[in-house]
Amino acid sequence: MDTPLKSAHALLIGLALLPGCGQVVAIRLPHADPNANASYACEPSSAGASFDCKSHREFHQYDRVLDAGNECSFGIAHVYVQTNWHGNVTLIQYVCNTPPVGGFPAVPSTSWTPPSKSP
Amino acid sequence: MPPQHPALKAHLNEEWRDIHFANDEVRCTRYEVVPSAGTVEGQLAEVGGAVLAVVRDAFDTNQPLRVPGGRWSLSNIGRPHSSLLDLSNYRRIGPVASPWLTPAYRATAQHTGVDPMLIAAGITINVVHRELAAAGRALKTSGASDGQTFAGAIATGTHGADLKVGALHDTVLALHLVVSPTRSVLVQAAGGALTQAAADSLAGWFGMPCDLLSDNQLFRAARVHLGSLGIVLNVIVETVPLYYLSRERTPQLEGASWRAVLSSRDPSKANALHSTDPDYLQFIVNPYLPLPETDPRVWLISMRKLAFSAQPGVVTTPTDVSLKSDLADFLPTLVSFYEHNIELPSNPVLRNVTTAQLRGIYGASASAESALPGAMFGPPDFLGIDFRPARGASAEYVLDAAQARLGVQTILDTLAAQAVAGHQYLGGIGVRFVKGSDAWLAPNAKPINCFVELQSIHTTELPAIHTAIGNALRGAGIPHAGHWGQWFMNTPEVAAQWWGQTAIESWRAARADLLPSAAARSIFASPILSAAGLA
């Protein structure tokens, strides 16, 4: 289950993907108030197809802004950033989050009332 | 007036595509169910109310309604027309309450360690694996990959390679279907495990009447429902104590003994290379003679289920790519062949690349691994990759296991002949054995079934290749059918030969029973029904 924090984490991957000669893209989540004390940047891991994320690095300038996730009822789960050989961003794709998995009521209900016609 | 409900969010003009890009894009309205109440009971009532609002609108406007599921199918079985009911946010799983079960079932279950679970049908299989493992439970079996929703997996007959259990739909105890704006049904076998209390509870939770239908004819239809018997809201499935899969994988040269295993009347016992009495049996086959010829042609894979008690060395999370059973990760390299328009006919480079790819994924020497089911059948790595302009394709031929050797050889011979004719196949082959099912339209319709899966790039030559394979199988006198979620081949003629007219008419009769009006059947009909002669 991806938490909102992890989702934000994933967003920073997009920023880290961009080389110096490319673009910096700010990805903003709707209804999110940033925590100025918690900023992470992620760089490609030397171990394989993953990223190492470290704190205390911030982007102060960006070329483009994406307000992402308005369509997502539960935030964003994944972000994919595609760049061309110039290092410029050509496509950003994001996937909405889902709510946590829950259980069912412990004691089953034994009665029901007909649903109203107009909820 | 579009459907209105506080827990419903309408997304207009959204794109629908399957994740393999096998179907053309469809623009439609997605109605997302967004439960937000502060209590479990409140959220279940929201889900029920929102579903009924959308179903009522479909009936009022006489418009087709589909549930998007995991968008995992390559066939058009899940292809929407104009409206989608998105149940992705209804994510619940939990043990079935004791009063829901008959005393006889409870006694048997306690003895065998089986525990039925209630699962929101829109949860994907990978989440089910994860949540069950956390509770010390496991599905009895599942498919080779795990991105399907539970409802979608059983709708299409998703099967894996289980010789003793069968397919996922063979582990289902009951399905909770919404069949109209005023009715839901809980369908189980005659003399089934569930009591009236189960239907009463579901009615109360979701705010909709629920009839308990204990009927073999309906149950055999509902388990492989083709997404056409109403909205599958919940499924009750039997789970077992958490096990891990101990896998043995052995490469074999072209001339080695693998064909003898295929031709055995009991393939599970004919594989002398591995431990006896495996639960799963599978082959990976290079579609071409390897280049170099000293490379393996085939990998024999068998697996046993063993009780899990946190043994060291058992992979528990789906991150180890070496465990992948699905062939899809094999495809991205082949995309570049297609995109760069490399001359394909009889191209030795293609043979060389295919050989190297398979060796890279499945190894050049025997190996053994252990993993939980959710790790062994984890997601393929290609998710997120845009295959365009090339598209993914997968065709799965199911044969009677008694004809496995002849069938596989017929397919290999056809691929070789097609390559010479300039129709190069860009993919791999998986062969899996699965116990039979009594569900009317289950692809695993024979006592033991041999599934031959061809996962590939969707080249312009591919339709001709599959037409040739179908003709060759018919010419060799090998009845066959296809997986409902993959390359469509279940024409009325194929269906009649594989399932028989009785099974087909029984499935249609069950559909008419659950959905009495022509309008209702039209609203819930998958586009695949017309092509299969089942509408």
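Numbering of residues starts from 1 in each chain and follows the order in which that chain's sequence is written. Going through the entries in the order they are written, you letter the chains from A and number the ligands from 1. The model is predicted, so local features are restricted to residues of pLDDT at least 70 and side-chain atom pairs to those at 80 or more, both for listing and for counting; the totals for chains, interfaces and linings are taken over all residues.

K.L.:
Describe the overall build of chain A, naming the residues involved and giving the relevant values.
P.N.:
For chain A, the helix and strand inventory stands at 1 helix and 6 strands. Only runs of H or I of at least four residues qualify as helices and only runs of E of at least two qualify as strands under DSSP, and these elements are numbered from the N terminus. Mapped from its N terminus to its C terminus, chain A presents α and β elements in the order α-β-β-β-β-β-β. Here a residue counts as buried when 20 or more other C-beta atoms fall within 10 Å of its C-beta, as exposed when 12 or fewer do, and as partly exposed in between; the C-beta atoms come from the backbone. Within chain A, the proportion of its 119 residues that are buried is 19%. When contacts within chain A are restricted to residue pairs at least 6 apart in sequence, long-range pairs at least 24 apart make up 62% of them. Note on contacts: residues are paired as contacts if their backbone-placed C-beta atoms lie within 7 Å.

K.L.:
Outline the overall build of chain B, supporting the account with residue identities and numerical values.
P.N.:
When helices and strands are tallied, chain B shows 17 helices and 19 strands. Between the two quantities, the radius of gyration covers C-alpha atoms and the globule rule is 2.2 Å times the number of residues to the power 0.38. The C-alpha atoms of chain B give a radius of gyration of 23 Å, which matches the 24 Å a tight globule of 535 residues would have. For the C-alpha atoms alone, the extent of chain B along its principal axes is close to 65 × 50 × 45 Å.

K.L.:
Tell me about helix α3 (residues 125–134) of chain B, and name the residues and values.
P.N.:
Residue pairs spaced three or four apart in an α-helix point in one direction, given the helix's 3.6 residues per turn. Residues and elements named next belong to chain B. Counting buried residues in α3 gives 8 out of 10 residues, a clear majority hidden from the surface. Contacts made by the buried residues of α3 are with β5 (93–95), β6 (115–120), β7 (137–139), α4 (150–156), β11 (231–241) and α11 (373–376). Glycine 136 sits one or two positions beyond α3 and adopts a positive phi of about 75°.

K.L.:
Before we move on, could you go through the sheet that holds strand β17 (residues 427–435) of chain B and cite the residues and values that matter?
P.N.:
Where strands meet in a sheet, backbone hydrogen bonds hold them as pairs that are either parallel or antiparallel. Residues and elements named next belong to chain B. A pair of strands is considered paired only if DSSP assigns at least 2 bridges between the two. One open sheet accounts for 8 strands, arranged β15-β12-β14-β13-β17-β18-β16-β19; its pairing is antiparallel. Edge positions in the open sheet fall to β15 (367–371) and β19 (480–482), since each of these has one partner strand only. Across the sheet, the axes of successive neighbouring strands diverge by a mean angle of 20°, strand direction being ignored. For strand β16 (residues 392–400) and strand β18 (residues 448–457), the ladder comprises 9 bridges, and the chain directions are antiparallel. Bridged to leucine 399 within β18 is cysteine 450. For every element, the axis is a line fit to its C-alpha atoms; helices are fit only across the contacting stretch, and the angle between N-to-C directions ranges from 0 to 180 degrees. Here helix α12 (residues 404–420) sits on the sheet in contact with β16, β17 and β18, set at roughly 15° to β18.

K.L.:
Give a detailed account of the domain arrangement of chain B, specifying residues and quantitative values.
P.N.:
All names here are of chain B. Looking at chain B, the domain boundaries give domain 1 (8–86), domain 2 (93–241) and domain 3 (243–498). Taken residue by residue, the interface counts 9 residues in domain 1 and 13 residues in domain 3. Gly counts as polar in this scheme, as do all residues outside two lists: the nonpolar Ala, Val, Leu, Ile, Met, Phe, Trp, Tyr, Cys and Pro, and the charged Asp, Glu, Lys and Arg. Tallied by class, the residues present in the side of domain 1 that touches domain 3 amount to 6 nonpolar, 3 polar and no charged. Each domain's extent is set by a domain assignment, obtained either automatically or from a database.

K.L.:
Please provide a residue-by-residue account of the nonpolar core, values included.
P.N.:
Counting residues in each nonpolar core, the largest one holds 164 residues, and the members touching the most others are Val51, Ile119, Leu177 and Leu186 of chain B. Here this core gets 10 residues from one element, more than from any other, and that element is helix α1 (residues 40–61) of chain B. Ignoring any residue separated from it by four or fewer positions in sequence, one finds leucine 186 of chain B in contact with Ala174, His176, Leu194, Ala198, Ala199, Leu202, Cys210, Leu212 and Leu213 of chain B. Here, a nonpolar core denotes buried Ala, Val, Leu, Ile, Met, Phe, Trp, Tyr and Cys residues that are linked to one another through C-beta atoms within 7 Å. Counting residues in hydrophobic clusters, the runner-up holds 9 residues, among them Ile27, Ala68, Ile76 and Tyr94 of chain A.

K.L.:
Go over the packing of α12 of chain B against helix α13 (residues 462–475) of chain B, please, and point to the residues and values.
P.N.:
Residue and element names in this part refer to chain B. Where α12 contacts α13, the axes come no closer than 9 Å and their chain directions differ by 140°. Taken together, the axes of α12 and α13 lie oblique to each other. As for the relative orientation of α12 and α13, their crossing is right-handed in sense. Contacts between α12 and α13 pair Gly407, Thr410, Ile411, Thr414 and Gln418 from the former with Ile465, Ala468, Ile469, Ala472 and Leu473 from the latter. Grouping the amino acids of the contact of α12 with α13 by side-chain chemistry returns 6 nonpolar, 4 polar and no charged. Each angle receives one of four descriptions, namely roughly parallel if under 35 degrees, roughly antiparallel if over 145, roughly perpendicular if within 65 to 115, and oblique otherwise. Take the far helix as your reference; a near helix turned counterclockwise from it by less than a right angle gives a left-handed crossing, and one turned clockwise gives a right-handed crossing.

K.L.:
Can you tell me about the environment of tyrosine 94 of chain A, naming the residues and giving the values?
P.N.:
Residue and element names in this part refer to chain A. Looking at the secondary structure, you find tyrosine 94 in strand β6 (residues 89–96). For the pair tyrosine 94 and asparagine 70, spaced 24 residues apart in sequence, the C-alpha to C-alpha distance is 11 Å. Contacts of tyrosine 94, omitting those with residues within four sequence positions, involve Ala68, Gly69, Ile76, His78 and Val79.

K.L.:
Can you lay out the sheet that holds strand β3 (residues 65–66) of chain B for me, pointing to particular residues and giving the numbers?
P.N.:
All names here are of chain B. The 4 strands are arranged β1-β2-β4-β3 in an open sheet whose pairing can be described as mixed. The outermost strands of the open sheet, each flanked by one partner alone, are β1 (8–16) and β3. As judged from the 7 bridges shared by β1 and strand β2 (residues 26–33), these two strands associate in the antiparallel manner. Its bridge partner lying in β2, histidine 11 is registered against arginine 30. Along the sheet, α1 contacts β1, β2, β3 and β4 (83–86); its crossing angle with β2, the most-contacted strand, is approximately 145°.

K.L.:
So, the pairing of β18 of chain B: which residues are in play, and what are the values?
P.N.:
All names here are of chain B. The buried fraction of β18 amounts to 10 of the 10 residues, a majority that puts the element mostly inside the structure. The pairing of β17 with β18 spans 9 bridges and is classified as antiparallel. Across the sheet, residue glycine 430 finds its bridge partner in β18, namely glutamate 453.

K.L.:
Report on α13 of chain B, specifying residues and quantitative values.
P.N.:
All names here are of chain B. Over its 14 residues, α13 runs 20 Å from end to end, which matches the ideal 20 Å to within 8%, given 1.5 Å per residue. Among the residues making up α13, those that are buried are Leu462, Ile465, His466, Ile469 and Leu473. Summarising the axial view, the buried residues of α13 lie within an arc of 95°, below the 170-degree limit, and thus occupy one face. Turned more than 90 degrees off the buried face of α13, the exposed positions are Asn471 and Gly475. Glycine 477 sits one or two residues past α13 and shows a positive phi near 70°. Working rule for helices: expected span equals 1.5 Å times residues minus one. Throughout, the arc means that of the directions going from the helix axis to the C-beta atoms.

K.L.:
Quick rundown of the pairing of strand β12 (residues 243–252) of chain B? Include the residues and the values.
P.N.:
Residue and element names in this part refer to chain B. The buried fraction of β12 amounts to 7 of the 10 residues, a majority that puts the element mostly inside the structure. Where β12 and strand β14 (residues 298–307) come together, 10 bridges link them in antiparallel fashion. If you follow tyrosine 243 over to β14, its bridge partner there is alanine 307. Pairing between β12 and β15: 5 bridges, direction antiparallel. If you follow serine 246 over to β15, its bridge partner there is serine 370.

K.L.:
Describe the environment of aspartate 18 of chain B, listing the residues and the values that go with them.
P.N.:
Residue and element names in this part refer to chain B. Structurally, aspartate 18 can be placed in the loop between β1 and β2. What makes aspartate 18 buried here is the crowd of 24 C-beta atoms within 10 Å. On a C-alpha basis, the gap between aspartate 18 and glycine 69 in space is 9.8 Å, while along the polypeptide they are 51 residues apart. Aspartate 18 has contacts with Asn23, Arg71, Ser73 and Leu74, leaving out every residue within four places of it along the chain.

K.L.:
Describe in detail unusual backbone geometry, supporting the description with residues and values.
P.N.:
In most cases, non-glycine residues show a negative phi, while peptide bonds are predominantly trans. The peptide bond linking leucine 291 of chain B to proline 292 of chain B adopts the cis configuration, its omega dihedral lying at 5°. Mapped onto the secondary structure, proline 292 of chain B falls in the loop between β13 (280–285) and β14.

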